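Listed below are the residues making up each chain.
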Amino acid sequence: MTALEKATGDVVLKFEPFVLHVLCQELQDAQLLHSVAIDSGFRNSGITVGRGGKIMMAVRSTHCLEVPLSHKGKLMVSEEYIEFLIHVANRKMEENM
């Protein structure tokens, strides 16, 4: 709250979830890992093939959180709501582990 009171610009509470990048030798390896990731609940996972043929599998969860708190130095939410958001973000961090 002290930092928010001193802010003069926009403040956003942002939580970004776990991301694991795996370089795969073969496309079949990436496809197998992708299936396992999706079946395990990591619904934002995907496969990328670079120009040089590099196959990258990204395991990503959906535990994102991005909430504006202030705009141009003006607090836009209550302290109670910020406490709630912190609880939600901490719960997401536990799920991330």
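Treat the numbers as computed from the prediction; the structure is a model and nothing was measured. (Residues numbered from 1 in each chain as written. Predicted model: local features only at pLDDT ≥ 70, side-chain atom pairs only at ≥ 80, totals over all residues. Heavy atoms only, no water.)

### Looking at the domain arrangement of the protein chain
Here is step 1 of the chain: Its domain assignment divides the protein chain into domain 1 (1-16 + 63-96) and domain 2 (18-61).
Here is step 2 of the chain: Here the C-alpha centre of domain 2 lies 31 Å away from the C-alpha centre of domain 1. (Domains from an automatic or database assignment.)

### As for the packing of aromatic side chains
Here is step 1 of the chain: By the definition in use, this model includes 2 aromatic pairs.
Here is step 2 of the chain: When the centroid spacing of 5.9 Å and the interplanar angle of 55° are considered together, the rings of phenylalanine 18 and phenylalanine 42 count as tilted. With a gap of 24 residues between them, phenylalanine 18 in the loop between strand S1 (11-15) and strand S2 (19-24) and phenylalanine 42 in the loop between helix H2 (27-39) and strand S3 (46-49) connect regions that are remote in the sequence. (Phe/Tyr/Trp six-rings, centres within 6.5 Å; stacked < 30°, edge-to-face > 60°. Helix = DSSP H or I, 4+ residues; strand = E, 2+ residues; numbered from the N terminus.)

### What to know about H2
Here is step 1 of the chain: With 13 residues, H2 should reach 18 Å at 1.5 Å per residue; the first-to-last C-alpha distance of 18 Å fits that figure.
Here is step 2 of the chain: Positive phi shows up at glycine 41, right after H2, with a value of about 100°. (Expected span 1.5 Å × (residues − 1).)

### Focus: the sheet that holds strand S6 (residues 74-75)
Here is step 1 of the chain: Reading across the sheet, the 3 strands line up as S1-S5-S6 and stay open at both edges, with antiparallel pairing between neighbours. What marks the edges here is a single partner per strand, and that holds for S1 and S6.
Here is step 2 of the chain: In terms of strand pairing, S1 meets strand S5 (residues 65-71) through 5 bridges, oriented antiparallel. Across the sheet, residue lysine 14 finds its bridge partner in S5, namely glutamate 66.
Here is step 3 of the chain: Helix H3 (residues 79-96) rests against S1, S5 and S6 of the sheet, and its axis sits at about 155° to S5. (Pairing = 2+ DSSP bridges. Contact = heavy atoms within 4.5 Å. Axes fitted to C-alpha atoms, helices over the stretch in contact; angles between N-to-C directions.)

### Focus on the environment of glutamine 25
Here is step 1 of the chain: In this structure, glutamine 25 sits in the loop between S2 and H2.
Here is step 2 of the chain: Given the relative accessible area of 72%, glutamine 25 is considered exposed.
Here is step 3 of the chain: Separated by 56 residues in sequence, glutamine 25 and tyrosine 81 have C-alpha atoms that sit 47 Å apart. (Buried < 20%, exposed > 50% of the residue type's maximum accessible area, 1.4 Å probe, protein only.)

### Here we look at the nonpolar core
Here is step 1 of the chain: Core analysis: the largest hydrophobic core is formed by 10 residues, namely Leu4, Phe15, Leu65, Val67, Leu69, Val77, Ile82, Leu85, Val88 and Ala89.
Here is step 2 of the chain: Counting only elements with at least two residues in this core, the list comes to S5 and H3.
Here is step 3 of the chain: Per-element tally for this core: the top contributor is H3, with 4 residues.
Here is step 4 of the chain: Apart from residues no more than four positions distant in its own chain, isoleucine 82 is found in contact with Met1, Leu4, Leu69, Leu75 and Val77. (Core = buried A, V, L, I, M, F, W, Y, C linked by side-chain atoms within 4.5 Å.)

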